[in-house]
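One-letter residues, chain by chain:
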Amino acid sequence: MEFQTAAEYFEKRKNIINLTTGSTEFDKLLGGGIETNSITEIFGEFRTGKTQICHTLCVTCQLPREKGGGEGKAMYIDTEGTFRPERLTTIAERFGLDP
């Protein structure tokens, strides 16, 4: 990591995209969605929707930018065995994608 001027950092911040969580109200609370180019920790009690948000982000990150996506790809690191690819089918259909 090296020194950056404020102007350089400002230019880098222009490339940040906010990915939709699939919930307009939740996106508002987060200031526009989940920021790219950063690490976001999601934590909470059992059965509060953490995995659901992660599954949804795996789909929404692929959406066009005008639909709240990043036109990108997802890498899901599952340390608890909760990833369910079959859930992605339903979520993809919700967003009009071909699973």
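About the criteria used
- Residues numbered from 1 in each chain as written.
- Predicted model: local features only at pLDDT ≥ 70, side-chain atom pairs only at ≥ 80, totals over all residues.
- Heavy atoms only, no water.
- Axes fitted to C-alpha atoms, helices over the stretch in contact; angles between N-to-C directions.
- Helix = DSSP H or I, 4+ residues; strand = E, 2+ residues; numbered from the N terminus.
- Parallel < 35°, antiparallel > 145°, perpendicular 65-115°, else oblique.
- Left-handed = near helix turned anticlockwise from the far one by under 90°.
- Contact = heavy atoms within 4.5 Å.
- Buried < 20%, exposed > 50% of the residue type's maximum accessible area, 1.4 Å probe, protein only.

## Comments concerning the packing of helix H3 (residues 50-60) against helix H4 (residues 85-94)
Helix-helix packing is described using two parameters, namely the angle between the two axes and the distance between the axes.
(1) Moving on: As a packed pair, H3 and H4 sit with axes 9 Å apart at the nearest point and diverge in direction by 60 degrees. Considering the angle they form, H3 stands oblique to H4. Considering only the axes of H3 and H4, their crossing is right-handed. Touching Gln52, His55, Thr56, Cys58 and Val59 of H3 are Arg87, Leu88, Ile91 and Ala92, all from H4.

## What about the environment of Cys58?
(1) Moving on: The residue Cys58 is located in helix H3 in this model.
(2) Moving on: Its relative accessible area of 10% is what places Cys58 among the buried residues.
(3) Moving on: Along the sequence, Cys58 and Arg13 sit 45 residues apart, while their C-alpha atoms lie 22 Å from each other.
(4) Moving on: Those residues in contact with Cys58 that lie beyond four places of it in its chain are Ala74, Tyr76 and Leu88.

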